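A look at the structure
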Amino acid sequence: MHTFIGSKLVTAIPMTQGHFTAYLGSEFPGYSAPTAPGYMIEDPRGVTNHADHVGKLSWMPALNFTAEYLDLGTIQNEPPHVQRLLGELAQLEQKLNALKAFFKSDLFLKLPFDSRDLLQEQSRIMSRYAAILEERI
């Protein structure tokens, strides 16, 4: 089986499964927990399924949504390329913060010196990359 990774920019609003079904005006047999917390997601690349939206609406449980998406705030007024840069920067900062936290762990100290040195160089390069993205934004 192949492994895939992907990312896309979507807009979303917290909404229970039941509220999403009512908003869409249809029934989804797979949605069996109307009070389940989640998010209504609008994917601008999808074919619209609601008159008030330009993209495809779907619903995702809250735990799945927060594991898959980073909140970039309200950026819809930014040009598309700036939205992508903001998303890229947010993902990079999340990875950089995780790497910096790893530096403080016992596991990091147990690594061979060469591996620790490479990880620290990676951190420096990621920090420079983040600075470049911020300047472009």
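Let us look at the structure shown here.

Conventions we followed
- Residue positions within a chain follow its written sequence, with the count starting from 1.
- The predicted nature of this model means local features are confined to residues of pLDDT at least 70 and side-chain atom pairs, given and counted, to a pLDDT of 80 or more, with totals for whole chains, interfaces and linings taken over all residues.
- Here the side-chain values reflect all heavy atoms present in the structure, with hydrogen atoms and water set aside.
- What makes a nonpolar core is a set of buried Ala, Val, Leu, Ile, Met, Phe, Trp, Tyr and Cys residues whose side-chain atoms join them at distances within 4.5 Å.
- Type-normalised accessible area, obtained with a 1.4 Å probe on protein chains alone, sets the label of each residue: buried when under 20%, exposed when over 50%, and partly exposed for intermediate values.
- A run of H or I in DSSP becomes a helix once it reaches four residues, and a run of E becomes a strand once it reaches two; helices and strands are each numbered from the N terminus.
- Whether two residues touch is decided by their heavy atoms; if any such pair falls within 4.5 Å, the residues are in contact.
- His is not counted here, nor are the chain ends, while Lys and Arg score as positive and Asp and Glu score as negative.
- Here a salt bridge means any side-chain nitrogen of Lys or Arg lying within 4 Å of a carboxyl oxygen belonging to Asp or Glu.
- Two N or O atoms count as a polar contact when they lie within 3.5 Å, although within protein this holds only if one can serve as hydrogen donor and the other as acceptor, and sequence-adjacent residues are included solely when both atoms are side-chain atoms.

On to the nonpolar core, then. Among the nonpolar cores identified, the biggest contains ten residues, and these are Leu85, Leu89, Leu92, Leu96, Leu99, Phe108, Leu119, Met126, Ala130 and Leu133. Secondary-structure elements contributing two or more residues to this core are helix 3 (80-103) and helix 5 (113-136). The element contributing the most residues to this core is helix 3, with five residues. Every residue in contact with leucine 89, bar those within four places of it in the chain, is listed here: Ala130, Leu133, Glu134 and Ile137. Grouped together as the second largest cluster of nonpolar side chains are seven residues, Met15, Phe20, Leu24 and Leu57 included.

Its place among the elements puts glutamate 42 in strand 2 (residues 38-43). An unpaired buried charge is present at glutamate 42: no salt bridge exists, and arginine 45, the closest side chain of opposite charge, is 12 Å distant. Reaching out from glutamate 42, the side chain makes a polar contact with the backbone nitrogen of valine 54 at a distance of 3.1 Å. From its side chain, glutamate 42 meets the backbone nitrogen of glycine 55 in a polar contact 3.0 Å long. When residues no more than four places from it in sequence are discounted, the contact partners of glutamate 42 are Val10, Thr11, His53, Val54, Gly55, Lys56 and Leu57.

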